[in-house]
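Examining the three-dimensional arrangement
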Amino acid sequence: MKAVRTQVVTAEDRAALTQFLKDADLTLSGLDDPGVLVWIDRDDSGAVIGSTGFELSTDRDHALIRSVAVHPDARRGGYGTTLARFALDEAARQGARSAWLFSRRSGPFWQRLGFQPADRQALAAALPHTHQVRLFTQTGQLHQELAWSRPLPT
């Protein structure tokens, strides 16, 4: 399994992260908000090859996992799982008791990590102030999304 050398995204990383997530067709909303915690992993040449992150609810009980992406050339050996677990562990370390996410394409991946299908309205109620929930509600996209959840270790 590839070792992950994550680093918190800085202002200098923002353009590279934005392009990386755009290429992965993931939501870009709120990437510049300090409440959205995102880490990146770079290869030896400095290119972004992985990202992971989350946003906590205002009561810090819930984490919306987001921005988990792997460059196509690095999709082997459990690297995506390692990145996802990094975000889950960090969210639990910061006090979150449950993790939620939106994913229309990667359900089997998330199920292998213990996620179960969830009600999108329950997700929106638990995390109403997160960027993705606000964006998806404002654009009418929320009803098209698939929600997933799982408890986090305490």
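Residues numbered from 1 in each chain as written. Predicted model: local features only at pLDDT ≥ 70, side-chain atom pairs only at ≥ 80, totals over all residues. Heavy atoms only, no water.

1. Notes on the side chain of Ser-57
You can see Ser-57 is positioned in the loop between strand S3 (48-56) and strand S4 (62-70). A distance of 2.5 Å separates a polar atom in the side chain of Ser-57 from a polar atom in the side chain of Asp-59. Within the structure, the side chain of Ser-57 is placed 3.3 Å from the backbone nitrogen of Asp-61, a separation counted as a polar contact. Discounting chain neighbours no more than four positions away, the residues touching Ser-57 are His-62, Ala-126 and Leu-127. (Helix = DSSP H or I, 4+ residues; strand = E, 2+ residues; numbered from the N terminus. Polar contact = N/O pair within 3.5 Å; in protein donor to acceptor, adjacent residues only side chain to side chain. Contact = heavy atoms within 4.5 Å.)

2. Digging into the environment of Glu-90
Turning to its location among the elements, Glu-90 is positioned in helix H2 (residues 79-93). With 18 residues separating them in the primary sequence, Glu-90 and Pro-108 have C-alpha atoms 22 Å apart. Ignoring anything within four residues of it in the chain, the contact list for Glu-90 reads Trp-39 and Phe-54. At 2.6 Å, the side chain of Glu-90 forms a polar contact with the side chain of Arg-93. One polar contact links Glu-90 to Gln-94, side chain to side chain, over a distance of 3.0 Å.

3. Quick look at the pairing of strand S5 (residues 98-102)
Counted residue by residue, S5 has five buried out of five residues, so it is predominantly covered. Residues Ser-98, Trp-100 and Phe-102 of S5 are buried on one face, and the alternating residues Ala-99 and Leu-101, pointing to the opposite face, are buried as well. In this sheet, S5 lies alongside S4 in parallel orientation, the contact comprising three bridges. Considered in S5, the bridge of Ala-63 is made with Ala-99. Handedness of the β-α-β unit built from S4, H2 and S5 comes out right-handed. (Buried < 20%, exposed > 50% of the residue type's maximum accessible area, 1.4 Å probe, protein only. Pairing = 2+ DSSP bridges. Right-handed = clockwise from strand over helix to strand, strands pointing away.)

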